[in-house]
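Results of the structural survey
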Amino acid sequence: MISPPHRILLLLSFALLLASVTVAQTTPHPRQIVIVHVTVINPGTASVQPDSIVVINGDRITFVSHSAAVPLAKDTRVIDGRGQFLIPGFWDMHVHCAFGDWFPGGRDIILPLFIANGVTGVRDMGGDLPVLFGWRKQIAAGQIVGPRMVISGPMLDALLPDGKLRFPSSIRVTTPASAVAAVDSLKAQGADFIKVQSVISHDAYLAAAAEAHRVGLPIVGHVPDKVRLAEVITAGQKSVEHLMGIFEGCSTQEDKFIAGQGDLQLLLSSQDQQRCGALIRQLAQSQTWQVPTLAWQRGGTFLDQRDLKHDPLDKYVPAYWREVTWKRFTDEMLPGLLHDPLELRQKYFASNLEMVGALHRAGVPFMAGTDAAPGVYIMPGFSLHDELANFVEAGFTPMESLRSATSGPARFLGAEKDYGAVEAGKIADLVLLSADPLDDIHNTRKIAAVIANGRLYDRSALDRMLNDVEAAAKKVRTH
């Protein structure tokens, strides 16, 4: 109920008086939260509402208005939002939280790092279903801290020449029949979608895509090595990760790449503008979402150039991740990296940024994703802010970049009723920033508070969370 005009100033004055007292309270999850005099940014509609009041009751936003007020409950937590900016909670749409034995301690490290960085939702693109389902239940119950999750479970892939699967959390798929069986099994287990990897065969991929559509599951992921991007679009894949298939599809030598005979020099020297334009138009017409994971692309392309020993986020990294998991990745990648001169790799990454800009201008939809935590020092939560900056570098406006991690994911998931905006009726997943992200996208790092599923974490609570993660990282055994 909106108060009559003569009560508005009274209530707002009372709210501000309370703000000086209640902001310091230690009650972690008050029944009602009110943020006054805050600038609300809704990327989906590109709207900016200064001097707003936002009311949260339980896990829902119940009121958003400019210069109005509502009656306050007794245990209301009032926050003075003057000079601050309220945005929807971020989604990282490409993560791996429980990946076999690769990232021990993930529950106490990966999950809270997302929340500490304002990432209130993730799309887990390959993981262990029982573990992830258990975490999701505990998060919803408030037993552990973490983001909401949409989950693929194990990825569909084939064996490498050595007879092994490349990654944990994978299902061996060798024939179209086994692809259908894998999709049906994941559907029966409650997976939210199907993720395909790179080594799956052409025929098995098409069978998996057809079965996923039949049983009502989205299919997303890589463009397999033996499949063309144009075929993936035709098969109805909903999102493509890492810009896979686009440079090959733009190349006059695409057949060589499908046969496994191309290299980076050939890829860059054989790009054809006409082929590329037709492929980009096909992506735009089909609205095939792109998740380019530029943070990982940049990190991986220049892995040999990074001073990882002095990474300021190293304090959150268990020794096992550094000395076993990421070392394995680094040892696999470096020979191929060092085969290509630095100048060529710089040209390649610049081409990635240019391609993202061209796709965006053509109307291809984008989402922010990072490939945390398998990407070497692609840290959960922190890397999402890197990705938003990468989008701006590629030609997005700051508002468009914010959209890739807020309203875009909500639309992709068919969940706009609940997520992606600061509006009455939506789930209270919010980030309060102390500086304007529209002035500088790097201001998304300046987090004053996070509200996840209606639970408030102010700056002091977030700092305690990070301290707990640091302590947890030290406890993970190296063997």
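Here goes a summary of the coordinates provided. For clarity, every value in this text was computed on a predicted model and none was experimentally measured.

Concerning the overall build of the protein
A count of helical and extended segments in the protein gives 17 helices and 17 strands. Computed over C-alpha atoms, the radius of gyration of the protein comes to 23 Å, within 12% of the 23 Å expected from 2.2 N^0.38 for 479 residues, which places it in the range of a compact globule. When its C-alpha atoms are laid out on the principal axes, the protein stretches across 75 × 50 × 45 Å. Per-residue burial over the protein gives 57% buried out of 479 residues. Within the protein, contacts between residues separated by at least 24 positions form 74% of all contacts whose residues are at least 6 apart in sequence. Per element, the accessible surface of the protein, about 19,400 Å² overall, is 54% carbon and sulfur.

A short note on the environment of Val-48
Within the fold, Val-48 resides in strand E2 (residues 47-57). When its relative accessible area of 43% is taken as the criterion, Val-48 is described as partly exposed. Contacts of Val-48, omitting those with residues within four sequence positions, involve Thr-39, Val-40, Met-399 and Leu-438.

As for the nonpolar core
Inside soluble globular proteins, nonpolar side chains tend to come together where they are buried. Phe-90, Cys-97, Met-149, Leu-156, Ile-246 and Leu-359 are the most contacted members of the largest nonpolar core, which totals 122 residues. Counting residues in each nonpolar core, the second largest holds 17 residues, with Ile-33, Val-38, Leu-430 and Leu-456 among its members.

A few points about the pattern of salt bridges
Any two side chains of opposite charge can pair if their charged atoms end up close together. Evaluation of the coordinates by the stated rule reveals 20 salt bridges. A salt bridge links Asp-418 to Arg-60; the shortest N-O distance between them is 2.8 Å. Within this pair, whereas Asp-418 is found in the loop between helix H16 (407-412) and strand E15 (430-433), its partner Arg-60 is found in strand E3 (residues 60-66), the two being separated by 358 residues in sequence. On the accessibility criterion, Asp-418 (18% relative accessible area) is buried. Using a relative accessible area of 26% as the deciding quantity, one classes Arg-60 as partly exposed.

Things to note about the environment of Leu-308
Assignment of secondary structure puts Leu-308 in the loop between helix H11 (294-301) and helix H12 (319-339). Leu-308 sits 66 residues away from Pro-374 along the chain, and the two C-alpha atoms are 15 Å apart. Here Leu-308 is in contact with Leu-303, Val-376 and Tyr-377, once residues within four sequence places are set aside.

Points about the state of the cysteines
Taken as a whole and judged by the stated rule, the model has 1 disulfide. At a sulfur-sulfur separation of 2.0 Å, the disulfide partner of Cys-250 is Cys-276. One quick way to see it: the torsion about the S-S bond of Cys-250 and Cys-276 is about 70°, and its sign makes the bridge right-handed. Of this pair, Cys-250 sits in the loop between helix H7 (246-249) and helix H8 (254-258) while Cys-276 sits in helix H10 (residues 273-286), placing them 26 residues apart in sequence. Taking the relative accessible area as the measure of exposure, Cys-250 reaches 0% and is therefore buried.

Some details on helix H2 (residues 106-116)
Counting buried positions along H2 yields 9 of 11 residues, so the element is predominantly enclosed. Just downstream of H2 lies Gly-118, where phi reads positive at about 80°.

Some words on helix H4 (residues 176-189)
With 14 residues, H4 extends 20 Å between its outermost C-alpha atoms, agreeing within 8% with the 20 Å of an ideal straight helix rising 1.5 Å per residue. Buried within H4 are the following residues: Ser-178, Ala-179, Ala-182, Val-183 and Leu-186. Mapping the buried residues of H4 onto a view down its axis gives an arc of 140°, with all of them on the same face. Relative to its buried face, H4 has exposed residues pointing more than 90 degrees away, namely Ala-177 and Ala-188. In this fold, the buried residues of H4 make contact with helix H3 (129-140), strand E9 (155-157), strand E10 (170-172), strand E11 (194-196) and helix H5 (202-215). Trailing H4 by a residue or two, Gly-190 shows a phi angle of about 95°, which is positive.

Some points on the packing of aromatic side chains
All told, the structure shown has 17 aromatic pairs when counted by the stated rule. Judged by centre distance (4.7 Å) and plane angle (40°), the ring pair of Trp-326 and Tyr-377 falls under tilted. In this pair, Trp-326 is assigned in helix H12 and Tyr-377 in the loop between helix H13 (342-361) and helix H14 (382-393), connecting sequence segments 51 residues apart. Like Trp-326, the residue Tyr-377 is buried in the burial classification. Between Phe-366 and Phe-396, the ring centres sit 5.6 Å apart and the planes meet at 85°, which makes this aromatic pair edge-to-face. Pair noted here: Phe-366 is in the loop between H13 and H14 and Phe-396 is in the loop between H14 and helix H15 (398-403), with a separation of 30 residues, a long-range link. In textbook terms, an aromatic cluster arises when at least three aromatic residues are bridged by ring pairs, as seen for Phe-99, Trp-102, Phe-167, Trp-296 and Phe-329. We note Arg-123 situated over the ring of Phe-193; from NZ or CZ to the ring centre the distance is 5.9 Å.

Let's talk about the packing of H11 against H14
When two helices pack together, you describe them by how their axes are tilted relative to each other and by the distance separating the axes. Running from N to C, H11 and H14 point in directions that differ by 90°, and their axes come no closer than 8 Å. In terms of orientation, H11 lies roughly perpendicular with respect to H14. Across from Leu-294, Ala-295 and Arg-298 in H11, the residues of H14 making contact are Ser-383, Asp-386, Glu-387, Asn-390, Phe-391 and Glu-393. Across the contact of H11 with H14, the residue classes break down as 3 nonpolar, 2 polar and 4 charged.

Side note on the sheet that holds strand E7 (residues 119-124)
One open sheet accounts for 3 strands, arranged E6-E7-E8; its pairing is parallel. The open sheet terminates on both sides in strands that have one partner only, identified here as strand E6 (90-95) and strand E8 (148-151). On average, each strand axis in the sheet is tilted by 20° relative to the strand beside it, whichever way the strands run. The strands touched by H2 are E6, E7 and E8; relative to E7, the strand with the most contacts, the crossing angle is about 135°. Where H14 meets the sheet, it contacts E6 and E7, and its direction lies at approximately 95° from that of E6.

Calculation notes
- Residues numbered from 1 in each chain as written.
- Predicted model: local features only at pLDDT ≥ 70, side-chain atom pairs only at ≥ 80, totals over all residues.
- Heavy atoms only, no water.
- Helix = DSSP H or I, 4+ residues; strand = E, 2+ residues; numbered from the N terminus.
- Rg over C-alpha atoms; globule rule 2.2 N^0.38 Å.
- Buried < 20%, exposed > 50% of the residue type's maximum accessible area, 1.4 Å probe, protein only.
- Contact = heavy atoms within 4.5 Å.
- Areas by Shrake-Rupley, 256 points an atom, 1.4 Å probe, with all protein chains shown as cover.
- Core = buried A, V, L, I, M, F, W, Y, C linked by side-chain atoms within 4.5 Å.
- Salt bridge = Lys/Arg side-chain N within 4 Å of Asp/Glu carboxyl O.
- Disulfide = S-S within 2.5 Å.
- Expected span 1.5 Å × (residues − 1).
- Arc of directions from axis to C-beta.
- Phe/Tyr/Trp six-rings, centres within 6.5 Å; stacked < 30°, edge-to-face > 60°.
- Lys NZ or Arg CZ within 6 Å of the ring centre and 35° of its normal.
- Axes fitted to C-alpha atoms, helices over the stretch in contact; angles between N-to-C directions.
- Parallel < 35°, antiparallel > 145°, perpendicular 65-115°, else oblique.
- Nonpolar A, V, L, I, M, F, W, Y, C, P; charged D, E, K, R; others polar.
- Pairing = 2+ DSSP bridges.

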